[in-house]
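Examining the three-dimensional arrangement
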Amino acid sequence: PRFDIGLDTRALMARLDLFAGLDTAHLDSIAKLLKPRFAPPRELIVRKGDRGDAAFFIASGAAGVDLPQGRVMLGTGDVFGEMALITGEPRQADVRAQTYSRLLVLRRADFQNLMRANPDLRAKFNAIAASRRQANQSA
Ligand code: CMP
């Protein structure tokens, strides 16, 4: 069976606050870049130390970020994997699916084009990455 049949990326995007406020034309063009992916529980999605090749949006389910200070849980609407794409540094942590999770995957080059083309979105991603970096540094 295929899990993506009948599921509309645009409908899943409505769960992502990051994209709230964008007009239809922008949403449609971003939707074309997002690739649906289904992750079963415990699947390693991002490996610490790897080069970042994509960012991930959680359309449903949950993912755990394994940090020295413990596991940070992310859920529907959250993004992860943005830090390596923004900073060029290796992945900061393992990220593992905690439940059956539906992800939308944005490849590195597409993420960077989107950041360049959309200052509002760029500011949001930068703010998320900065606050995570700060949390990890002060931990
Ligand atoms: P990246 O470093 O590319 O890969 C691991 C990801 O885990 C990272 O991007 C962030 O998306 C996420 N992450 C790292 N630290 C935190 C944190 N303190 N809280 C939430 N997510 C985090």
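Anyway, here's the lowdown on the structure attached to this text. (Residues numbered from 1 in each chain as written. Predicted model: local features only at pLDDT ≥ 70, side-chain atom pairs only at ≥ 80, totals over all residues. Heavy atoms only, no water.)

Here's the deal with the layout of surface pockets
By volume, the largest pocket is sized at about 270 Å³. Around the largest pocket sit 17 residues that line it, and Val65, Met83, Ala93, Arg132 and Asn136 are the ones nearest its centre. Listing elements by their share of the lining of the largest pocket, those giving two or more residues are β4 (62-67), β5 (70-75), α3 (82-87) and α5 (119-138). Here the lining of the largest pocket is built from residues that sort into eleven nonpolar, three polar and three charged. (1 Å grid on protein atoms, 1.4 Å probe; cavity = no way out; pocket = protein on both sides within 12 Å on 5 of 7 lines; lining within 4 Å. Points joined across faces, edges and corners; volume = space filled by probe spheres on them. Helix = DSSP H or I, 4+ residues; strand = E, 2+ residues; numbered from the N terminus. Nonpolar A, V, L, I, M, F, W, Y, C, P; charged D, E, K, R; others polar.)

Observations regarding the nonpolar core
In summary, soluble globular proteins display a tendency toward joint burial of nonpolar side chains. Grouped together as the largest cluster of nonpolar side chains are 22 residues, with contacts concentrated most on Met13, Phe19, Ile30, Leu34, Phe57, Leu104 and Phe125. Elements represented by at least two residues in this core include exactly α1 (9-13), α2 (24-31), β3 (54-60), β8 (101-107), α4 (108-117) and α5. Those residues in contact with Phe19, other than ones at most four positions away along the chain, are Met13, Leu27, Ile30, Leu34, Phe57 and Leu121. (Core = buried A, V, L, I, M, F, W, Y, C linked by side-chain atoms within 4.5 Å. Buried < 20%, exposed > 50% of the residue type's maximum accessible area, 1.4 Å probe, protein only. Contact = heavy atoms within 4.5 Å.)

Overview of the sheet that holds β3
A sheet is described by the order of its strands in space; here four strands give the open sequence β1-β8-β3-β6, paired in antiparallel fashion. Each edge of the open sheet carries a strand with a single partner, namely β1 (35-39) and β6 (79-80). Pairing geometry for β3 and β6, over two bridges, is antiparallel. When the bridges of β6 are listed, Phe57 appears paired with Val79. (Pairing = 2+ DSSP bridges.)

Remarks on the packing of aromatic side chains
Counted by the stated rule, this structure contains five aromatic pairs. Members of the aromatic cluster, connected to one another through ring pairs, are Phe19, Phe57, Phe111 and Phe125. (Phe/Tyr/Trp six-rings, centres within 6.5 Å; stacked < 30°, edge-to-face > 60°.)

With respect to unusual backbone geometry
Of note in this structure, Arg42 is not a glycine but carries a positive phi near 80 degrees. The topology assignment puts Arg42 in the loop between β1 and β2 (44-46). Overall, the relative accessible area of 64% leaves Arg42 in the exposed class.

What about the site of the ligand?
Close contacts around the ligand come from 15 residues, with Gly81, Glu82, Arg91, Gln92 and Asn136 the closest. Within the side chain of Glu82, an N or O atom sits 2.6 Å from an oxygen atom of the ligand. Within the side chain of Arg132, one N or O atom sits 3.1 Å away from an oxygen atom of the ligand. Out of a free accessible area of 450 Å², the ligand has 96% covered by protein chains. Using a 2 Å cut-off from the grid points, one finds that the ligand occupies the largest pocket. Counting residues per element, the ones that place at least two in the shell around the ligand are β4, α3 and α5. Counting residues per element, the shell around the ligand draws most heavily on α3, which supplies three residues. In terms of residue class, the shell around the ligand is made up of nine nonpolar, three polar and three charged. (Near = heavy atom within 4 Å. Polar contact = N/O pair within 3.5 Å; in protein donor to acceptor, adjacent residues only side chain to side chain. Areas by Shrake-Rupley, 256 points an atom, 1.4 Å probe, with all protein chains shown as cover. Sits in = over half its atoms within 2 Å of the grid points.)

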